[in-house]
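Structural description and commentary
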Amino acid sequence: MKSLQENKKILNIITYPGSGTHLLIDILSSLEIRHNPLLDLIVKIFVFNKNKEKNFNELQVKRKKIFLKIYEAIKKANAFNDHKIFSNIIKEKFLIYSKSHSFIIQPHIFFENNAYNLSISEMDFINSILEDLVKDNNLINLVYLRNPNDIFYSKISRFIKNDDNIQKEIEANKISSFYNYNYRQIILSNLKYEDLTNNFNFIIKKIMNIFEINERDYKRKLSNFLIYNSSKNYPKIR
């Protein structure tokens, strides 16, 4: 079997929608760190297992044969009850074929009332799978944070009507749930959106160190990187 250690590091970004994630993704793209759909795959396997009536179009599964092959292996091994077996199947049938310098975009599921309707126990199980992968030193968890007041302002200004107090309360509860559920990960390792916009070069070096990237190779490319004014100075909610 091909060794996992032949692959370069994979970054799992834990974040909440409206945290300025596109800015971070643009930077990672400039550093030629590519997307890896590992977590998206795991989540969709759980959703598919709960509801077979959900078709591939609804789940937006692109590589159907591979998806079903992995799903059947997990089902046969009864791995929905054992995160270590689940993790090994993912490594053997998917992760070892991943491209170098991959990053995983968190599908924003780790809070209550998430878009995938996963329970706390299911989210805990998925986190246990990721922790097994972390032990191989190939996957690094990084929480990407933004001031929760600014997240709230960003969301309601774009998606919620000014007089819709019910939706505002729902959004506030989701943001609170994200910070509460991910508290342990936040304490262990986090990168702040505000630090990225205010001290760009320092944070870039931090990201490069994670991936052991030579700064000289990208110095010219990143020297022209533009952070739009719209990414700065959101008014605070009092």
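What this report covers is the structure whose coordinates are included nearby. (Residues numbered from 1 in each chain as written. Predicted model: local features only at pLDDT ≥ 70, side-chain atom pairs only at ≥ 80, totals over all residues. Heavy atoms only, no water.)

Details of the pattern of salt bridges
This model, assessed by the stated rule, comprises three salt bridges. Residues Lys-50 and Glu-122 are paired through a salt bridge, measuring 3.3 Å at the closest nitrogen-oxygen approach. Pair noted here: Lys-50 is in helix H2 (residues 38-50) and Glu-122 is in helix H6 (residues 120-134), with a separation of 72 residues, a long-range link. Overall, the relative accessible area of 45% leaves Lys-50 in the partly exposed class. The class for Glu-122 is buried, based on a relative accessible area of 15%. A salt bridge links Glu-131 to Arg-184; the shortest N-O distance between them is 2.7 Å. Of this pair, Glu-131 sits in helix H6 while Arg-184 sits in helix H9 (residues 183-188), and the two are 53 residues apart along the sequence. (Salt bridge = Lys/Arg side-chain N within 4 Å of Asp/Glu carboxyl O. Helix = DSSP H or I, 4+ residues; strand = E, 2+ residues; numbered from the N terminus. Buried < 20%, exposed > 50% of the residue type's maximum accessible area, 1.4 Å probe, protein only.)

Overview of unusual backbone geometry
Within the chain, Glu-32 stands out as a residue other than glycine whose phi angle is a positive 60°. You can see Glu-32 is positioned in the loop between helix H1 (21-30) and strand S2 (34-35). Using a relative accessible area of 41% as the deciding quantity, one classes Glu-32 as partly exposed. In this structure, Asn-78 takes a positive phi of about 55° despite not being glycine. Of note, Asn-78 is situated in the loop between helix H4 (64-76) and helix H5 (83-93). The exposure class of Asn-78 is partly exposed, given its relative accessible area of 46%.

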